[in-house]
2 protein chains.
Amino acid sequence: MTDAVPRPTLEAVAARAGVSRATVSRVVNGGDGVREPLAERVRRAVAELGYVPNQAARSLVTRRHDAVAVVIAEPETRVFADPFFALQLRGISKELTAHDNQLVLLLTEGRDDHARVARYLAGGHVDGALVFSLHLADPLPGLIHDAGVPTVFGGRPGWSDDGRAGADGGVVYVDSDNRGGARTAVRHLVDLGRRRIAHLTGALDQTSAVDRLDGYRDVMADVPGGNDPRLVVESDFTPAGGERAMRELLDRCPDVDAVFAANDLSALGALRVLRASGRRVPEDVAVIGFDDMLPVAEQTDPPLTTVRQDIEEMGRLMARLLLRGLPGARDRAAAPADPPPTGGVILPTTLIRRASA
Amino acid sequence: MTDAVPRPTLEAVAARAGVSRATVSRVVNGGDGVREPLAERVRRAVAELGYVPNQAARSLVTRRHDAVAVVIAEPETRVFADPFFALQLRGISKELTAHDNQLVLLLTEGRDDHARVARYLAGGHVDGALVFSLHLADPLPGLIHDAGVPTVFGGRPGWSDDGRAGADGGVVYVDSDNRGGARTAVRHLVDLGRRRIAHLTGALDQTSAVDRLDGYRDVMADVPGGNDPRLVVESDFTPAGGERAMRELLDRCPDVDAVFAANDLSALGALRVLRASGRRVPEDVAVIGFDDMLPVAEQTDPPLTTVRQDIEEMGRLMARLLLRGLPGARDRAAAPADPPPTGGVILPTTLIRRASA
DNA sequence: CTGAAAGCGCTAACAT
DNA sequence: ATGTTAGCGCTTTCAG
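As the structure is a computational prediction, the values presented were derived from the model and not from experiment.

Rules used in this analysis
- Residues numbered from 1 in each chain as written.
- Chains lettered and ligands numbered in written order.
- Predicted model: local features only at pLDDT ≥ 70, side-chain atom pairs only at ≥ 80, totals over all residues.
- Heavy atoms only, no water.
- Helix = DSSP H or I, 4+ residues; strand = E, 2+ residues; numbered from the N terminus.
- Buried < 20%, exposed > 50% of the residue type's maximum accessible area, 1.4 Å probe, protein only.
- Contact = heavy atoms within 4.5 Å.
- Areas by Shrake-Rupley, 256 points an atom, 1.4 Å probe, with all protein chains shown as cover.
- Least-squares fit on C-alpha atoms with pLDDT ≥ 70 in both.
- Axes fitted to C-alpha atoms, helices over the stretch in contact; angles between N-to-C directions.
- Parallel < 35°, antiparallel > 145°, perpendicular 65-115°, else oblique.
- Nonpolar A, V, L, I, M, F, W, Y, C, P; charged D, E, K, R; others polar.
- Buried area = accessible area lost by both parts, 1.4 Å probe.
- Salt bridge = Lys/Arg side-chain N within 4 Å of Asp/Glu carboxyl O.
- Polar contact = N/O pair within 3.5 Å; in protein donor to acceptor, adjacent residues only side chain to side chain.
- Near = heavy atom within 4 Å.
- Pairing = 2+ DSSP bridges.
- Right-handed = clockwise from strand over helix to strand, strands pointing away.
- Expected span 1.5 Å × (residues − 1).

Participant: What's the story with the overall build of chain A in this structure? I'm lost.
Facilitator: Along chain A, the regular secondary structure elements total 14 helices and 12 strands. Across the 357 residues of chain A, 54% fall into the buried class. Sequence separation of 24 or more characterises 69% of the internal contacts of chain A that already satisfy a separation of 6 or more. Entry remark: accessible area of chain A is about 14800 Å², with carbon and sulfur atoms responsible for 52%.

Listed below in structure tokens is the structure:
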């Protein structure tokens, strides 16, 4: 753990190049309006000295940080149970990196952390925030909104209708087409000739779970006997939850011939219970999941038919949207902060057919 | 996406409290040597104005950032296949948060990114770095070392013996007791009366895989016929790799009666092949994994006996070590940057007995 | 097109 | 114990 050595300043570069600080500054920041021979001299001096601008000094005057906070509420164990989180982060990181922005990660653990995060955001340390709002009743989105930091949400926030939103044009968020994906899945089951199609829901305090349930209902409305409430069993996105729900379902409706699980993990649990009960998949009961979590979906027995969403792209898009909405993004010349798309951007999903349905 | 409003400065607080900027600064930074009535007035002014210190201005003079970079080389798909990454990050985040430090996440994708990371680190944007050095031949650790930033590595770096290290007292790293854990696992198998004990290795360009293999060999040296090279099959920490390796193993040594897999994921693959081959676990072949990745280990059939490592604690410890080595950590008074523990800190592992061995 | 000069908001000597 | 003052390194008018 060596100690840092003093780094060269603008001043030093200027001296070496025989110009003023202002000129060096101009060259370093894009070099408009500096004649070529001079600019070149400066560039050489920069290289020779290994000059790197002091970001603190720069921020002090520009009031920009080229940094974005990513806020993840993580009591949500689901976040850690599947690679969702990692993929999302990867997409965000790629996009931010491409635009020379830093990623400040804020993991929150509970109510006390909310205040901390709000304070940090309000403290003007970052230019914007990417927030994953996982719960319907989460106070965080509200706090963040109040902090007045440009924000893009990951996943439809559950509070889109309360007074706060819309006040200044509404929330911006990116989400998968959960409802449409669910419809596709259930329709596929119908096309397979199944009629007793059940749904194992996700945790219903998350909009994704609600939307998938809605999609299921959309299609089942047209299926004879499709509104049998016993076919919907509430679960929670986990394998254990999937097992529990599946057992319950078998109990209620032994004649079930298809299951649409809210995600791959709960499908995994369902598969296990189905096998234990002596049912064959897909012959006796067809199963479809959601997410296309590769390590899970490809490894189940039989391999899982599922609805794929492009998680990495979600992250990427969130970052892109945020950056676009920021004033004077470094690489977009003087473009005057496009009005960010209001409301949500919905990413498509695709059905991936494997063996389970 | 509201625009930020101008925030109050020290000056403003000072005016309101009827004191000088210096006094406000003192109160804000711990408030030594300010008499109570005054201090209280200042605190009230701070609260009333909603004052938050401008970090850029502060960093400019203190040369501290209260921020730490976390560098993760992520071509390593493994990082994204299991929750390892997330848990590690959680531990780090908790510890950093507790000491009022920010976490800047740097995900790297390949060689081009190396330069970028090196530049960032050398640029003095953060006080230190936490680096996960996954590959034996990774150039990143060297680059980072050259950048002269205080660093703690996650996992024993593979280059501990090359010239660079040791030059200034050696690298600091945190790792699990991979070798010891492997020994415990294999010894357990021996105690169970097994003699034809095989090992499915991890990706051998990672020190963790090498160390686990060494631990296996330590114990097998004392087992009659234990040095049969056919008992060691190279694999890669993935379920698919585990399957492949297990098939190969069954081919070479149909008489195998126990398998120590380098991690839970490859154990999962092995389990599948074992079942397909008609062998019972643990009756015919006992299986042990490594990691105790709950979602995996508890869900296999049969549930997996495995070696647990406390991943979150690893992250926490890395952060603690780094912070401790930093000059003038905000909350450790004037303690003069403890000389950081040189070399590695090894965390213990425990054998978790379930049904597979 | 280039340079000189004025701060950005804060901390840390140094006075008082 | 409190106030005064001098920068930290940079960008940005404003002159020339």
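Participant: Which parts of the structure should I look at to understand the relation of the copies chain B and chain A?
Facilitator: These two copies of the chain differ by a rotation about an axis and a displacement along the same axis. With an axial shift of 0.1 Å and an RMSD of 0.1 Å, the rotation relating chain B to chain A amounts to 180 degrees. The operation mapping one copy onto its partner corresponds to a two-fold rotation axis. An overlap of 98% is found between the interface residues of chain B and their copies at the interface of chain A, pointing to a shared contact surface.

Participant: Is there a simple way to think about the packing of helix 6 (residues 84-98) of chain A against helix 6 (residues 84-98) of chain B in this case?
Facilitator: When two helices pack together, their arrangement is captured by the angle between the axes and the distance separating the axes. Two elements in contact, helix 6 of chain A and helix 6 of chain B, have axes separated by 8 Å at closest approach and are oriented at 80 degrees. What the angle tells us is that helix 6 of chain A and helix 6 of chain B run roughly perpendicular. In this structure, helix 6 of chain A contributes Phe85, Ala86 and Leu89 of chain A to the contact, and helix 6 of chain B contributes Phe85, Ala86 and Leu89 of chain B. Residue composition of the contact of helix 6 of chain A with helix 6 of chain B, by class: 6 nonpolar, no polar and no charged.

Participant: What exactly am I supposed to notice about the interface of chain B and chain A here?
Facilitator: In many analyses, interface size is given as the accessible surface area lost on bringing the parts together. Across the contact, 52 residues belong to chain B and 52 residues belong to chain A. For the chain B and chain A pair, buried surface summed over both sides reaches about 4300 Å², with 60% attributable to carbon and sulfur atoms. Close ionic contact of Glu109 of chain B with Arg90 of chain A constitutes a salt bridge, the shortest N to O distance being 3.8 Å. At the surface where chain B touches chain A, the tally comes to 4 residue pairs in polar contact (both at pLDDT 80 or more). Secondary-structure elements contributing two or more residues to the side of chain B that touches chain A are helix 4 (55-62), helix 5 (77-81), helix 6, strand 2 (102-108), helix 7 (111-122), strand 4 (151-154), helix 11 (239-252) and helix 14 (311-325) of chain B.

Participant: Would you mind going over the protein's contact with DNA strand C with me for this structure?
Facilitator: Near DNA strand C you find 28 residues, and of these Arg26 and Arg63 of chain A together with Leu10, Arg21 and Tyr51 of chain B are the closest. Near the protein, meaning within 4 Å, the atoms of DNA strand C are sugar or phosphate in a fraction of 69%, with bases accounting for the rest. Between DNA strand C and the protein, one listed contact pairs a phosphate oxygen with a backbone N or O atom of Ser20 of chain A at 3.1 Å. Here a phosphate oxygen of DNA strand C sits 2.4 Å away from a polar atom, N or O, in the side chain of Tyr51 of chain B. Elements represented by at least two residues in the surface near DNA strand C include exactly helix 2 (21-28) and helix 4 (55-62) of chain A together with helix 2 (21-28) and helix 4 of chain B. When residues of the surface near DNA strand C are assigned to their parent elements, the largest contribution, 5 residues, is made by helix 4 of chain B. Class assignment of the residues belonging to the surface near DNA strand C gives a composition of 13 nonpolar, 8 polar and 7 charged.

Participant: Would you explain unusual backbone geometry in this entry?
Facilitator: The phi torsion of most residues other than glycine is negative, and most of the peptide bonds are trans. In the segment running from Val281 of chain B into Pro282 of chain B, the intervening peptide bond is cis, with an omega of 5 degrees. For Pro282 of chain B, the location among the structural elements is in the loop between helix 12 (264-276) and strand 9 (286-291). Residue Pro302 of chain B is reached from Asp301 of chain B by a cis peptide bond, and omega for that bond is -5 degrees. With respect to the helices, strands and loops of the structure, Pro302 of chain B is situated in the loop between helix 13 (294-297) and strand 10 (305-309). Backbone geometry places Asp291 of chain A, a non-glycine residue, at a positive phi of 120 degrees. Note that Asp291 of chain A resides in strand 9 (residues 286-291). Residue Asp291 of chain A is classed as buried on the basis of its relative accessible area, which comes to 2%.

Participant: How do you make sense of the pairing of strand 4 of chain B when you look at a structure like this?
Facilitator: As a general feature of sheets, a regular strand has side chains that alternate between the two faces. All names here are of chain B. The alternating pattern of strand 4 places Thr151 and Phe153 on one face and Val152 and Gly154 on the opposite face, and all of these are buried. Both strand 3 (residues 128-132) and strand 4 contribute to a ladder of 4 bridges, which runs parallel. Each bridged residue has a counterpart across the sheet, and for Val131 the counterpart in strand 4 is Phe153. For the crossover that starts at strand 3, traverses helix 8 (residues 140-147) and ends in the parallel strand 4, the hand is right-handed. Here 2 bridges tie strand 4 to strand 5 (residues 172-176), and the two strands are oriented parallel to one another. Its bridge partner lying in strand 5, Gly154 is registered against Val174.

Participant: Please explain the protein's contact with DNA strand D as it appears in this structure.
Facilitator: Surveying the vicinity of DNA strand D reveals 28 residues, the closest of which are Leu10, Arg21 and Tyr51 of chain A together with Arg35 and Arg63 of chain B. What you see for DNA strand D is that sugar and phosphate hold 62% of its atoms within 4 Å of the protein. The contact in question runs from a phosphate oxygen of DNA strand D to an N or O atom on the side chain of Asn29 of chain A, over 3.1 Å. Counting only elements with at least two residues in the surface near DNA strand D, the list comes to helix 2 and helix 4 of chain A together with helix 2 and helix 4 of chain B.

Participant: How should helix 12 (residues 264-276) of chain A be read in this particular structure?
Facilitator: One turn of the α-helix equals 3.6 residues, which is why residues spaced by three or four share an orientation. All names here are of chain A. The end-to-end C-alpha separation of helix 12 is 18 Å, in line with the 18 Å expected for 13 residues at 1.5 Å each. Of all 13 residues in helix 12, 10 are buried, a share of seventy percent or more. If you check which residues of helix 12 are buried, you get Asp264, Leu265, Ser266, Ala267, Gly269, Ala270, Leu271, Arg272, Val273 and Leu274. Lining the buried residues of helix 12 we find strand 6 (197-200), helix 11 (239-252), strand 8 (258-261), strand 9, helix 13 (294-297) and strand 10 (305-309).

Participant: Is there a simple way to explain the sheet that holds strand 6 (residues 197-200) of chain B in this structure?
Facilitator: Neighbouring strands of a sheet are bound in pairs by backbone hydrogen bonds; such pairs are parallel or else antiparallel. All names here are of chain B. Pairing within the open sheet is mixed, and its 6 strands lie in the order 7-6-8-9-10-12. Looking at which strands have only one partner, the edges of the open sheet turn out to be strand 7 (232-233) and strand 12 (349-352). Summarising the sheet, strand 10 and strand 12 pair through 4 bridges and their orientation is antiparallel. Residue pairing across strands places Val307 opposite Leu351, the latter belonging to strand 12. Strands strand 6, strand 7, strand 8 (258-261), strand 9 and strand 10 of the sheet are contacted by helix 10 (residues 207-220), whose axis makes an angle of about 170 degrees with strand 6.

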